[in-house]
Every structure is written in structure tokens, then in C-alpha cells.
Amino acid sequence: MQFKHPEILYFLFLLVIPILVHLFQLRRFKKEYFTNVQFLKELSIQTRKSSTIKKWLLLFTRLLLLSFLILAFAQPFFTAKESKKATNEMYIILDNSYSMQAKGKKGELLKRAVQDLLEHIPETQNFSLITNNETYWNTDIKAIQKDLQDLKYSATAFQLDNLIAKVNARKSAFNKDIIVITDAVGLVTNQTKSFRKEDNVYFIIPEAEQKNNIAIDSVFIQQTLDNFYEIGVKLAASGDGFKEIPIALYNNNKLTAKTLVNFETNTKTVNFTIPKEDFHGYVSISDKGLAYDNTYYFSISKPSKTNVISIGDVDKSNFLARIYTSDEFTYTNYPIANLDYNLLEKQDAILLNEIKEIPQALQTTLKSFVNKGGNLIIIPSQEGNLSTLNAFLGNFGAIQIKEGTNTEKKVTKINFNHPVFSSVFEKKVDNFQFPSTKTSFVLNTSSPAILSYDDQSAFLTSVANPLSSVYVFAAPINKANSNFQNSPLIVPLFYNMAQNTMKTGVNAITIGDNFPFIVDALLAKDEILTIKNNTESFIPIQQLLNTKVKISFNDNPNEAGNFGIFNNKNLVQNISFNYSRTESNLALANPNAVANYKEIDDIETVFNTIQTDRTDTQIWKWFVVLTLLFLVLELLIQKFVK
């Protein structure tokens with residue numbers, strides 16, 4: 001027990017006064033003579049005994065009364081077990097990712113958490129609030145009440161370690177109380193290691209009652225026909241016991257197709273056939289799980305001719321003219337001596353076909369070409385300068401060509417999972433006619449092979465970047481060295497290597513993925529591109545690349561949907577954005593990741609716990625009560641004890 005005013009305890013010396021009064025208060029008696037002496041003597045003895053008991057009772061009562069009164073003014077208390085943490089600063093980390101859209105016992109998890117904060121945070125409590133996409137430093141509940149009520153779900157996934165880093169970056173002389181409110185979907189133990197040992201951490205983990213959910217995972221072109229696209233819609237289900245659900249396809253908000261889907265497995269692909277024209281719409285489903293992943297927006301541009309140039313001898317490039325036909329491609333071939341460098345930046349793909357020496361000026365141009373989103377295909381020459389070629393390849397990644405062998409080798413393995421074969425095979429095949437090469441080099445790279453020899457070495461590989469790809473063969477494929485030109489693989493392979501997915505594929509960007517995007521647009525110096533739809537508009541980061549513009553989106557837009565890229569009022573290209581599907585599987589909730597920290601049911605309990613653990617137990621009121629009690633006791637003794 002401690003005292004707020006211990007100096008008042010010196011007044012305990014006043015207890016000597018009632019003791020002195022009771023000990024030294026003497027009484028003188030006069031002798032009186034009566035006839036019946038025996039009777040009076042007995043009465044006198046009895047009266048003296050009663051008086052002595054009363055005096056001692058009054059003495060002890062007054063001593064205790066005075067003692068309790070002095071102790072009450074000294075204000076005794078018991079120190080709280082966490083009294084040193086009373087000066088801690090408070091931080092609340094609130095998960096507002098889309099998994100918090102799930103419904104618990106009292107409604108949506110996020111809305112319930114916000115309501116608890118509004119109801120139970122004391123008005124005098126200062127704190128900082130950190131969400132996935134917003135931060136409110138050193139505020140109070142009144143100041144951010146409106147912001148909390150309007151808080152929306154974030155397209156940014158909940159990354160606890162990143163949010164802890166924000167808290168730790170706030171320099172302070174005080175320790176921190178950190179309250180984390182999350183459903184723990186995708187949470188791993190390593191993310192909690194960023195907490196400092198001196199911080200006091202509480203976890204509130206609301207649980208979803210309904211964990212079954214179906215999400216539209218992706219949309220892709222399954223097959224390209226003469227006049228139609230066959231698109232595939234991939235659905236992913238988490239949980240069990242699903243019934244058939246409706247799925248609908250919309251183009252410019254008009255219903256195009258609708259069907260029902262049954263789930264025999266956790267993944268399901270539904271195919272739709274659409275005209276080979278501009279498509280700007282979405283596909284949607286209806287299920288009882290999360291709502292945010294029930295719509296997938298995408299755009300497909302009407303095919304335009306792909307520009308391809310091959311650089312090399314005409315005799316060795318004739319087979320390319322039969323692949324890059326005039327109905328889909330604008331194809332030209334130039335010997336290295338007659339090459340017009342001004343044409344290169346306008347191409348979608350450039351093919352170096354067995355060039356013995358790559359001039360330095362061409363190397364510089366091709367490096368810029370690849371950085372701007374063009375695909376480069378390299379077929380080495382048997383007589384080429386490997387040191388020069390390797391120096392050139394070093395501009396694109398970790399890939400080198402080494403001296404090989406003059407023995408014949410067969411190409412026997414196909415990487416069916418590589419994007420270049422994404423729509424080529426309906427099923428894996430192993431009985432096709434194996435092409436072969438008489439001489440070959442060795443490709444030294446960490447990138448996976450697209451085609452491999454029977455000795456597991458790479459025949460064709462690629463180095464990919466966010467905008468384009470560089471494809472490298474391990475051997476010349478002229479008819480004197482190889483029969484690869486007669487293989488059925490050559491047409492889909494070269495066809496797909498020349499295609500730019502930003503022009504011919506499904507355009508559906510995940511919000512938060514900071515991959516650059518290339519737009520064909522010729523802008524003046526004072527012109528900028530704007531991305532907008534009916535509800536939202538923003539200006540992306542952009543860089544002029546001659547006839548193209550490289551744009552980056554950062555965390556824009558705020559909401560998924562179909563958008564347009566505009567130059568002033570002129571539509572340049574359609575584009576679509578979607579939320580990441582990382583929050584879709586509610587079964588990934590992992591409360592065990594916070595086993596080393598305090599887990600509490602609700603925010604009210606957290607504040608009650610903090611107040612109880614850090615508030616000193618004041619007991620001076622009890623001493624006041626005891627003082628009054630003994631005062632009453634003294635009065636009773638005076639009145640009733642004779």
C-alpha cells in the first residue's frame with residue numbers, strides 16, 4: 001500500500017492526546033458515612049468496573065477513529081500491476097480488406113468493428129488509426145467519427161507487417177499499445193515478428209459464420225476462331241456443399257449470355273463465345289459468400305494487324321512469310337545491310353534471323369524497343385560472334401549462349417504451361433513428330449525452357465519483363481541444320497511469340513499491381529492521358545515513348561470497373577480493373593498466427609482491461625467509511641454503556 005500524501009501520516013502522533021487524557025484523568029472521591037455500609041460498598045465496586053470498561057472502549061474507539069481519519073487524508077492506494085504503461089500511446093490497426101465483408105453474428109465484420117469502435121472508445125482517449133489504405137495520426141473518436149462511418153473496403157490486401165512498420169516509424173518517447181482488428185485471413189506468424197518487445201499488443205479476431213465462397217478468378221481467351229473468340233471464365237470455390245449458381249456475361253451493360261454452373265471440383269471453367277470485335281464489359285455470378293469477387297471486368301480490343309520485321313537473309317526467312325500472313329500481320333524482311341532503323345520503333349515484334357554480327361547501333365535500338373514493350377526473337381547464327389551476342393543478351397537478363405555440339409539432338413519436351421502455348425493445345429500430347437537439329441549451342445539461363453532437347457537442355461527459352469519478352473533459340477533453324485520448319489509447332493509458336501498481349505489478349509488489370517502498361521498514342525508535349533468512367537477519374541503516371549505512352553497506375557483506381565483511356569475527349573483505348581482475389585478464401589483465416597499475443601473478444605474488453613491493469617486501486621474512501629463508523633460507535637457507547 002502506498003500514499004499520495006505520506007506527510008500527513010505525521011499527524012498519527014496526535015494519538016498520544018486521547019491516551020494521555022484517559023490515563024491521567026483522575027477523579028477525587030469524598031467519604032460519606034451511612035448506616036448500611038455493607039450495601040454501599042458493593043454498589044461502589046460494581047459502578048467502578050462499568051466505568052473502567054466504558055473508558056477503555058472509548059479510548060480504543062477514539063484512537064481508531066483518529067487513525068482512520070488521518071489515513072484517509074493521506075489517500076492510500078494499491079499500485080496497479082501495469083502502472084508503468086499508463087503513459088503508453090495507443091494505435092489501432094483495422095483490417096478493411098474485402099475478406100472483412102464476410103458476415104458474423106452481428107453483420108458484416110468490418111461494419112461491426114467500426115460500430116464497436118464508435119461505441120466503446122472513450123471520448124478522452126487519444127489514438128492513431130491505421131487501415132489498409134488510410135492513416136489517421138493522433139486523433140480522437142469525435143474527430144474521425146464521420147470517416148469511420150464512411151470507411152470503405154480497400155482493394156489493398158491486409159499486410160500486417162507493412163502496417164506495423166508504419167507504427168514503428170512513429171518516433172516517440174513512450175511505448176505503444178497496439179490493437180489489431182482483423183479476421184486473420186492470410187495472416188502468417190512471420191508478419192507478427194515486427195512488433196517490438198516493449199509494446200503491448202492486443203488482437204481482436206472476428207470470425208465469419210459463413211465461410212463458403214465462390215469467386216471469379218480470371219477471364220482469358222481460350223481459343224481464337226476466324227470470326228469469334230472463345231473465352232474461358234475460371235471460377236474458384238472455397239468450402240463445400242455448393243449448389244448450381246447463375247453466371248452472366250455483359251457487354252457494355254447489355255446481357256450477352258447466361259448459364260448455370262455446377263461445382264464438381266473447387267475450380268470450374270465456363271466457356272463463352274463472343275464476336276471478334278471490341279468487348280468492354282464484365283462477367284458476374286450470384287452466391288451467398290463475399291460480394292466483391294462476384295464481378296470480373298475485362299476488355300478485349302478488336303484485333304488489329306501486328307507489325308513484324310525479320311532481319312536476316314531472305315532465303316532463310318521465307319518460312320516466316322507463310323506464318324505472318326497479310327490478313328493478320330504486316331510483315332517485312334530486311335537484310336542487315338538494307339535495314340531502315342526508323343521502321344523498328346513502329347513494330348510489335350522484331351526477329352533476328354541468324355545474323356552473324358549485330359551492329360552497336362542496332363543493339364541500342366533493340367534495347368529501347370524491348371523496353372517500350374516490343375517482343376524480340378533471336379535465332380543465332382552458326383557462324384555468329386558469341387561474345388558480342390552475349391553482351392547484347394546481357395541487357396535483358398541472365399541468359400548466355402555457350403559453345404555447343406555438332407551432334408544431332410531431338411526436341412522432345414514441350415512446356416505446356418508457358419504462356420506462349422496458353423491456347424494452342426486442348427490436351428497434352430506426347431506422340432508428335434519430334435524435330436531435330438544437327439548443331440546447337442547451350443543456353444545458360446535460369447528461365448524455364450519453352451521447348452527442350454531430349455537431354456533436358458533448352459532449345460527455346462524466353463526472358464520476360466512486364467512489357468515484353470525476349471525469345472532465344474539454341475540453334476539455327478534453317479533447313480540445312482534443322483527440320484523444325486516442317487514441325488506442326490512452328491506456326492502457333494512464331495504466331496504467339498509475335499503477338500503483344502496488351503493488344504490482342506484480355507485486358508484486366510488487378511488494382512495495386514504496379515506493372516506498366518503500354519498505350520499506342522501519339523501525344524503532343526502538353527497533352528496527357530486520363531483514365532475515367534462515369535464515377536471516377538484519375539491521371540496515371542505516364543512517360544512518352546515516341547508513338548507510345550507507358551503508364552503506371554499505382555493504387556488507382558479506388559473501385560473496380562470498366563474504364564477508358566482518354567486524350568482530352570478522344571477515347572484511345574478501353575481498359576478494365578479488378579480487385580485482387582487474395583481475400584476470397586475465408587478458410588485461410590489463421591488465428592494461430594497470433595498465439596503469442598493477447599487475444600480479446602471485443603474493443604470494450606480491451607479498454608476495460610487496460611483501465612483495470614493500469615489504474616491504481618484507491619482505498620481512502622474505505623478509511624472515511626471506517627471513520628464514520630467509529631464515530632457512530634463512540635456515540636452509541638456514550639449513550640448505552642453505563
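Engineer: I'm lost on the pairing of strand S18 (residues 329-334) in this one. Help?
Structural biologist: Looking along a regular strand, one sees the side chains alternate between the two faces of the sheet. In terms of strand pairing, strand S17 (residues 306-312) meets S18 through six bridges, oriented parallel. Bridge pairing links Asn307 to Thr330 in S18. Between the parallel pair S17 and S18, the chain is carried across by helix H6 (residues 318-323), and the sense of this crossover is right-handed.

Engineer: Is there a simple way to think about helix H5 (residues 160-168) in this case?
Structural biologist: One turn of the α-helix equals 3.6 residues, which is why residues spaced by three or four share an orientation. Looking only at H5, the buried set comprises Leu160, Leu163, Ile164 and Val167. Each buried residue of H5 sits inside an arc of 105 degrees when the element is viewed along its axis, so together they form one side. Contact partners of the buried residues in H5: strand S3 (89-94), strand S6 (127-130), strand S8 (176-181) and strand S9 (200-204).

Engineer: Help me understand the side chain of Ser97, please; the structure alone is not making it clear to me.
Structural biologist: Counting through the fold element by element, Ser97 comes out in the loop between S3 and strand S4 (103-104). Side-chain polar atoms of Ser97 contact the side chain of Glu583, separated by 3.0 Å. Among all residues touching Ser97, those that are not within four sequence positions of it are Asn132, Tyr153, Ser154, Thr156, Phe158 and Glu583.

Engineer: What exactly am I supposed to notice about the packing of aromatic side chains here?
Structural biologist: Think of a pair of aromatic rings as described by two things: how far the centres are apart, and how the planes are tilted against each other in angle. Using the criterion set out here, one finds 27 aromatic pairs in the structure. Where Tyr98 meets Tyr579, the ring centres are 4.6 Å apart and the plane angle is 40 degrees; that geometry is what we call tilted. Taken together, the residues span a long stretch of sequence, with Tyr98 in the loop between S3 and S4 and Tyr579 in the loop between strand S36 (570-578) and strand S37 (598-599) at a distance of 481 residues. In this structure an aromatic cluster arises from ring pairing among Phe319, Tyr453, Phe459, Phe473, Phe484 and Phe494. Directly above the aromatic system of Tyr453 lies the positively charged group of Lys409, at a separation of 4.2 Å from the ring centroid. Against the face of Phe566 rests Lys532, its NZ or CZ located 5.0 Å from the ring centre.

Engineer: How should I be thinking about the nonpolar core in this particular structure?
Structural biologist: Grouped burial of nonpolar side chains is what soluble globular proteins tend to show. Within the largest apolar cluster, 61 residues are counted, with the highest numbers of intra-cluster contacts made by Leu352, Leu451, Phe473 and Phe494. Those residues in contact with Phe494, other than ones at most four positions away along the chain, are Phe319, Leu320, Ile323, Tyr324, Leu351, Ile377, Ile379, Phe473, Ile477 and Phe484. Core analysis: the second largest hydrophobic core is formed by 55 residues, Met100, Ile204, Ala560 and Phe577 among them.

Engineer: Help me understand the pattern of salt bridges in this model?
Structural biologist: As a working rule, side chains carrying opposite charge can pair if their charged atoms are close by. Scanning the entire structure with this criterion turns up twelve salt bridges. Measuring nitrogen to oxygen at the nearest pair gives 3.0 Å for the salt bridge that ties Glu383 to Lys356. Within this pair, whereas Glu383 is found in the loop between strand S20 (375-379) and helix H8 (386-393), its partner Lys356 is found in the loop between strand S19 (349-353) and helix H7 (360-371), the two being separated by 27 residues in sequence. Note on Glu383: relative accessible area 58%, which makes it exposed. Taken together, the salt bridges that share partners define one network made up of Arg196, Glu198 and Asp199.

Engineer: Would you mind going over the environment of Ile414 with me for this structure?
Structural biologist: In this fold, Ile414 is placed in strand S22 (residues 409-414). Taking C-alpha positions, Ile414 is 8.4 Å from Ala449, a pair spaced 35 residues apart along the chain.

Engineer: What is the right way to look at a nonpolar patch on the surface in this model?
Structural biologist: Taken together, the side chains of Phe11, Leu14, Ile17 and Val21 make up a nonpolar region of the molecular surface, amounting to roughly 360 Å² of accessible area. Here Phe11 lies in the loop between strand S1 (2-3) and helix H1 (16-24).

Engineer: Quick question: what am I supposed to make of the sheet that holds strand S7 (residues 135-139) here?
Structural biologist: To summarise the sheet geometry, strands pair through backbone hydrogen bonds and adopt either a parallel or an antiparallel arrangement. Spatially, the six strands line up as an open sheet ordered S7-S6-S3-S8-S9-S37, and their pairing is mixed. Strand pairing shows two members of the sheet lacking a second neighbour, S7 and S37, which therefore form its edges. Bridge count between S3 and S6: three bridges; the pairing is parallel. Counterpart to Ile93 in the pairing with S6 is Ile130. Sheet strands in contact with H5 are S3, S6, S7, S8 and S9, and its direction is about 155 degrees off that of S3.

Engineer: Even after reading the chapter, I still don't get the sheet that holds strand S33 (residues 541-545), so can you show me in this structure?
Structural biologist: Pairing is antiparallel in the open sheet, where three strands are placed in the order S30-S34-S33. Among the strands making up the open sheet, the edge pair consists of strand S30 (517-520) and S33. Geometrically, the sheet is characterised by an average inter-axis angle of 25 degrees between neighbouring strands, direction not taken into account. Sheet analysis places S33 next to strand S34 (residues 548-552), joined by five bridges and oriented antiparallel. Its bridge partner lying in S34, Leu544 is registered against Val549.

Engineer: What am I meant to see in the environment of Asn333 here?
Structural biologist: You can see Asn333 is positioned in strand S18. Setting aside its immediate chain neighbours within four residues, Asn333 contacts Ser310, Ile311, Gly312, Asp313, Val314 and Ser317. A distance of 2.4 Å separates a polar atom in the side chain of Asn333 from a polar atom in the side chain of Ser310. Side chain to side chain, Asn333 and Ser317 meet in a polar contact 3.2 Å long.

Engineer: Help me understand unusual backbone geometry, please; the structure alone is not making it clear to me.
Structural biologist: When glycine is set aside, most residues are seen to have a negative phi, and most peptide bonds are trans. Residue Pro557 follows Asn556 across a cis peptide bond; omega there is -5 degrees. Phi is positive for Glu354, close to 55 degrees, though the residue is something other than glycine. Turning to its location among the elements, Glu354 is positioned in the loop between S19 and H7. Of note, the phi angle at Gln456 is positive, near 75 degrees, even though the residue is not glycine. In this structure, Gln456 sits in the loop between strand S25 (449-453) and strand S26 (458-464). With relative accessibility at 56%, the residue Gln456 sits in the exposed group.

Thresholds applied
Residues numbered from 1 in each chain as written. Predicted model: local features only at pLDDT ≥ 70, side-chain atom pairs only at ≥ 80, totals over all residues. Heavy atoms only, no water. Pairing = 2+ DSSP bridges. Helix = DSSP H or I, 4+ residues; strand = E, 2+ residues; numbered from the N terminus. Right-handed = clockwise from strand over helix to strand, strands pointing away. Buried < 20%, exposed > 50% of the residue type's maximum accessible area, 1.4 Å probe, protein only. Arc of directions from axis to C-beta. Contact = heavy atoms within 4.5 Å. Polar contact = N/O pair within 3.5 Å; in protein donor to acceptor, adjacent residues only side chain to side chain. Phe/Tyr/Trp six-rings, centres within 6.5 Å; stacked < 30°, edge-to-face > 60°. Lys NZ or Arg CZ within 6 Å of the ring centre and 35° of its normal. Core = buried A, V, L, I, M, F, W, Y, C linked by side-chain atoms within 4.5 Å. Salt bridge = Lys/Arg side-chain N within 4 Å of Asp/Glu carboxyl O. Patch = residues over 30% accessible without salt bridge, like charges linked within 9 Å, V, L, I, M, F, W, Y side chains within 5 Å. Areas by Shrake-Rupley, 256 points an atom, 1.4 Å probe, with all protein chains shown as cover. Axes fitted to C-alpha atoms, helices over the stretch in contact; angles between N-to-C directions.

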